[in-house]
Amino acid sequence: MSGDGARPARVTSPDGSESPAEFEALLAHLKQSRGFDFRSYKRSSLMRRVLVRMHLLGTKEFGAYLDFLEVDPEEFTRLFNTILINVTSFFRDPTSWDYLRDEVLPGIAKLRQGREPIRAWCAGCASGEEAYSLAILLAEILGREAFKERLKMYATDVDEEPLTEARHATYGPRTVEDVPPHLLERYFELQEGRFVFSKELRRSVIFGRHDLLQDAPISRADLLTCRNCLMYFNSEAQARILGALPFCARAAGGTLPGQGREPAGTQRPVRSSGREAESVRQDGATRRGAAAERRHR
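Residues numbered from 1 in each chain as written. Predicted model: local features only at pLDDT ≥ 70, side-chain atom pairs only at ≥ 80, totals over all residues. Heavy atoms only, no water.

Visitor: Just to check I follow, could you spell out the overall build of the protein for this structure?
Guide: When its secondary structure is counted, the protein shows 12 helices and 12 strands. When the 297 residues of the protein are sorted by exposure, 51% land in the buried category. For the protein, the computed accessible surface area is about 14600 Å², with 49% contributed by carbon and sulfur atoms. (Helix = DSSP H or I, 4+ residues; strand = E, 2+ residues; numbered from the N terminus. Buried < 20%, exposed > 50% of the residue type's maximum accessible area, 1.4 Å probe, protein only. Areas by Shrake-Rupley, 256 points an atom, 1.4 Å probe, with all protein chains shown as cover.)

Shown next, in the form of structure tokens:
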């Protein structure tokens, strides 16, 4: 920064917003040294979260914070956890889950009859609540034995720390408040004051690290949910991700993005039939693609 009070140099980011050149240098350092590319994330929210860490350290300049990152490797973990604040819960936004349970999942189960496997992908799964919510609905529709025999669910996130929590599948009483009591009793075991998701069903859920922007999508999915990650990205990155997702779905598969996290001009949920997508309003009424759906009935 100039000592005479001049406005610091600024750079126009891919989403059209301006940010200090020192901030862009910080992002470049994170990519080069750690392999995490945050340049497609929304600049305003990204900068706010970096400033949270800087405030806690008493640092006012991005350049000084970059110097600190270079000498304290543990600070990167703290910064990463601050940037990727996980906003998730069981059955968050019940209207979407009702639509999934009543309209999408029965159709997938009917199409994949017999012992044919069903493949699901929960992208941006955070600490596992979304993945286990989906597992519960599928177990209700398929039955526990068919679930164990047929379902293979991939639950992915870019952050290893919440993935570790997800694998443990252990949640406090407040976390499971939104799980209907009969499902809580059926799919969780109370151990030392915490609720543990069914171990036998958990074997069908594979957790792993995956970057939606850099890694190839998981293919041949009958169902994809991505309700906890699009909010982080700028509109260009959101469009890239949503544009690629229908191509990883098998015929009559479904894609469920999160409420308020899609690029302008899209609605949720999105149900994909092969390469054609059908967008529906919140009440489940068809907006477009009805003819495409009829071809798959």
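Visitor: Just checking my understanding: could you explain the pairing of strand β3 (residues 118-123) for this structure?
Guide: Within a regular beta strand, the side chains point alternately toward one face of the sheet and then the other, so they alternate between its two faces. Across the six residues that make up β3, a large majority, six, are buried. Of the two faces of β3, the one holding I118, A120 and C122 and the one holding R119, W121 and A123 are both buried throughout. Strand direction decides the pairing type here: β3 and strand β4 (residues 151-157), joined by six bridges, are parallel. Opposite I118, over in β4, you have L151 as the bridge partner. (Pairing = 2+ DSSP bridges.)

Visitor: Just checking my understanding: could you explain the sheet that holds strand β6 (residues 188-191) for this structure?
Guide: The strand order across the open sheet built from three strands is β5-β7-β6, with neighbouring strands paired in antiparallel fashion. Edge positions in the open sheet fall to β5 (170-171) and β6, since each of these has one partner strand only. Two strands pair when backbone bridges link them, and β6 and strand β7 (residues 194-197) are joined in this way by four bridges, in the antiparallel orientation. Paired with L190 across the bridge in β7 is F195. Its contacts with the sheet place helix α6 (residues 129-142) against β5, β6 and β7, and it is angled at close to 60 degrees to β7. (Contact = heavy atoms within 4.5 Å. Axes fitted to C-alpha atoms, helices over the stretch in contact; angles between N-to-C directions.)

Visitor: Quick question: what am I supposed to make of the confidence of the model for the protein here?
Guide: It should be kept in mind that the predicted coordinates are not to be read in detail where pLDDT is low. Averaged over all residues, the pLDDT of the protein equals 77, while 74% of them reach at least 70. Within the protein, the lowest mean pLDDT, 30, falls on strand β12 (residues 276-279), and the highest, 98, falls on β7. Every residue in residues 11-16 scores below 50 in pLDDT, and together they form 16 contacts with partners more than four places removed in sequence or on other chains. Below a pLDDT of 50 lies the segment residues 251-255, which in the model reaches 27 contacts outside its immediate sequence neighbourhood of four places, other chains included. (pLDDT = per-residue confidence, 0-100.)

Visitor: Would you take a moment to explain the packing of helix α3 (residues 62-71) against helix α4 (residues 73-83) for this structure?
Guide: Across the interface, α3 lies against α4 with an axial gap of 5 Å and an inter-helix angle of 120 degrees. If you check the angle between α3 and α4, you find them oblique. Here Y65, F68, L69 and V71 of α3 lie close against α4, whose contacting residues are P73, E75, F76 and L79. Considered class by class, the residues forming the contact of α3 with α4 number seven nonpolar, no polar and one charged. (Parallel < 35°, antiparallel > 145°, perpendicular 65-115°, else oblique. Nonpolar A, V, L, I, M, F, W, Y, C, P; charged D, E, K, R; others polar.)

Visitor: Could you clarify how one ought to interpret the pattern of salt bridges in this entry?
Guide: Oppositely charged side chains can pair when the atoms bearing their charge come close. Summed over all chains, the structure comprises 12 salt bridges. The salt bridge partner of D222 is R112, with a shortest N-O separation of 2.7 Å. Taken together, the residues span a long stretch of sequence, with D222 in strand β9 (residues 221-226) and R112 in the loop between α5 (94-111) and β3 at a distance of 110 residues. The class for D222 is buried, based on a relative accessible area of 2%. R112 gets classed as buried once you look at its relative accessible area, which sits at 10%. A salt bridge links K148 to E145; the nearest nitrogen and oxygen atoms lie 3.1 Å apart. You can see K148 and its partner E145 sitting in helix α7 (residues 144-150), three residues apart, about one turn around the helix. One salt-bridge network, in which partners are shared between bridges, spans R53, D72, E75 and R78. (Salt bridge = Lys/Arg side-chain N within 4 Å of Asp/Glu carboxyl O.)

Visitor: Just to check I follow, could you spell out the packing of helix α1 (residues 21-34) against helix α2 (residues 43-57) for this structure?
Guide: Each pair of packed helices can be summarised by the angle the axes make with each other and by the distance between the axes. Remark: α1 packs on α2, axes separated minimally by 12 Å, with the N-to-C direction vectors making an angle of 85 degrees. Considered as vectors, α1 and α2 are oriented roughly perpendicular to each other. The residues of α2 that touch α1, namely those facing F23, E24, L26 and L27, are R43, L46, M47 and V50. When grouped by side-chain class, the residues that make up the contact of α1 with α2 number six nonpolar, no polar and two charged.

Visitor: For this particular structure, what's the right way to read the packing of aromatic side chains?
Guide: Considering all chains together, one arrives at 10 aromatic pairs under this definition. Seen from their ring centres, F38 and F80 are 5.8 Å apart, and the 50 degrees between their planes marks the pair as tilted. Placement of the pair is F38 in the loop between α1 and α2 and F80 in helix α4, with a sequence separation of 42 residues. In terms of burial, F38 and F80 fall into one category: buried. In this structure an aromatic cluster arises from ring pairing among F90, Y132, Y171, F188, F197 and F207. (Phe/Tyr/Trp six-rings, centres within 6.5 Å; stacked < 30°, edge-to-face > 60°.)

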